[in-house]
Amino acid sequence: MNSTPNPVSTLVWTFGLMSLFAVGGANSAIPEMHRIAVDVQHWMSDKQFADVFAISQMSPGPNVLIVTLIGYSVAGVAGALAATLAMCGPTAILAYYVSRLLQRSSHSRWPSVIQAALVPLSIGLMAASGLILALTSDQSWMAALITVVAAVLAFATRLNPFWLLLAGGAFGFAGVI
Amino acid sequence: MPSDSPPAAVPAPDIPASTPPIQPGLIELFVAFAKMSLAGFGGVLYWARRGIVDQHRWMTAEEFNETYALCHFLPGPNIVNLSVVFGSRFRGIAGGIAAFAGLIGPPMMIATILGALYARYGEIDALRRILAGVSCAAIGLLMATVVRMMMPLLRKRDLVGLVVLAAVFVAIGVARLPLQAVLLVAIPLSIAVTFAMQRRVNG
């Protein structure tokens, strides 16, 4: 990319395409967002990407909000809006048509085959998200320990995730990381 | 986060399916999805089920699971797909847009404000430390979700699934290959193998 295209149209193009490849939801697409935002387009640093992820997890609403924040940091409010709509639009239109199609021809076995085939894929993508984010954020033993403890607590208890995020923030504020 | 859990992980409360579903209007759709979305710290799915099935009784638990399963196998944010499919089922395209706008509009405004605050104050040392801590915990939550989603595969000894999972993890997480390239290979391959295995099991 030698010529500098309009950042908003780059956002729309990037996330519009990603929308159709985000198998299993927004968290599956985090490695691709990281690759494009940090490595390809240089929109932000590793550290900023980790911060944006943290903010998106703290704000209420669906996980897709990380895209809003990336868009904002690239091109302000217009970027936030454009990136979010681009990430949601194509797949929403696809969902609309597929659901209408399936209502008409209900008892096909294809949906279950496709779903069984896609679930391991989406788990693999999310695991990759975890790895990439951990490599950017867990730079110290304490940081890694907080991640592990949060993972164990979230897996083993029914604690509201919000408290774990809050506790992480408190440890960070205390300067132990 | 829970919104990305497979449909099997959704607890199904026992709601008698006797009452006929009530038809929500456009404003109702918008407000209901806005409420669910704003309640959903770290995942909207739980609140979506509660609102749609338990509170408003717009769908039975089975209908909700079916709709969510559909939205899970389609690409993109699951809960966004759900809002569109759900809204359009009752009120056509306008209903889909109303539900989608409710789901994404208000939280997007909040996220934009947080983004603006971050852009302005992100360099303050205390805030940097807090965000670093939150981010460590958030990664832990993501990992817990991954393990939770893997449990059914481990329990079923689904070797094919686990190999696909590991291959995608290495290709994206370690080799850092582009998503499209990996999926264009992995999706057809995984569907073909799964289909062949199901045929063999079914005779």
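Only a predicted model underlies this, so the values are computations on that prediction, with no experimental measurement involved. (Residues numbered from 1 in each chain as written. Chains lettered and ligands numbered in written order. Predicted model: local features only at pLDDT ≥ 70, side-chain atom pairs only at ≥ 80, totals over all residues. Heavy atoms only, no water.)

### Points about the environment of A:Thr68
Phase 1: Turning to its location among the elements, A:Thr68 is positioned in helix H4 (residues 65-104).
Phase 2: The exposure class of A:Thr68 is buried, given its relative accessible area of 0%.
Phase 3: Separated by 13 residues in sequence, A:Thr68 and A:Leu81 place their C-alpha atoms 6.7 Å apart.
Phase 4: With near-sequence residues (within four places) excluded, A:Thr68 lies in contact with A:Ala80, A:Thr84, B:Met108, B:Ala111 and B:Thr112. (Helix = DSSP H or I, 4+ residues; strand = E, 2+ residues; numbered from the N terminus. Buried < 20%, exposed > 50% of the residue type's maximum accessible area, 1.4 Å probe, protein only. Contact = heavy atoms within 4.5 Å.)

### Looking at the interface of chain A and chain B
Phase 1: With 95 residues of chain A at the contact, the number on the chain B side is 90 residues.
Phase 2: The junction of chain A with chain B conceals about 8300 Å² of combined surface from both sides, 76% of it contributed by carbon and sulfur atoms.
Phase 3: Among the ionic pairs, B:Arg128 bridges to A:Asp51, the shortest N-O distance being 3.6 Å.
Phase 4: One can count 14 residue pairs in polar contact (both at pLDDT 80 or more) joining chain A with chain B.
Phase 5: Top element by residues in the side of chain A that touches chain B is helix H5 (residues 110-137) of chain A. It accounts for 26 residues. (Buried area = accessible area lost by both parts, 1.4 Å probe. Salt bridge = Lys/Arg side-chain N within 4 Å of Asp/Glu carboxyl O. Polar contact = N/O pair within 3.5 Å; in protein donor to acceptor, adjacent residues only side chain to side chain.)

### Some remarks on the nonpolar core
Phase 1: In this structure, A:Phe15, A:Met33, A:Phe49, A:Ile70, A:Met87, B:Ile52 and B:Phe64 are the most contacted members of the largest nonpolar core, which totals 84 residues.
Phase 2: Sorting elements by how many residues they give to this core places helix H4 (residues 78-121) of chain B first, with 13 residues.
Phase 3: In contact with B:Phe64, not counting residues within four places along its chain, are B:Leu45, B:Ala48, B:Arg49, B:Ile52, B:Val53, B:Met59 and B:Leu82.
Phase 4: In terms of nonpolar packing, the next biggest core, distinct from the first, is built from 14 residues, A:Leu118, A:Leu125, B:Val164 and B:Ala171 among them. (Core = buried A, V, L, I, M, F, W, Y, C linked by side-chain atoms within 4.5 Å.)

### Some remarks on the side chain of B:Ser190
Phase 1: Positionally, B:Ser190 belongs in helix H7 (residues 179-202).
Phase 2: Residue B:Ser190 is classed as buried on the basis of its relative accessible area of 3%.
Phase 3: Within the structure, B:Ser190 has its side chain in polar contact with the backbone oxygen of A:Ala117 (distance 2.8 Å).
Phase 4: Other than its neighbours up to four places away in sequence, B:Ser190 contacts A:Ala117, A:Leu121 and B:Val164.

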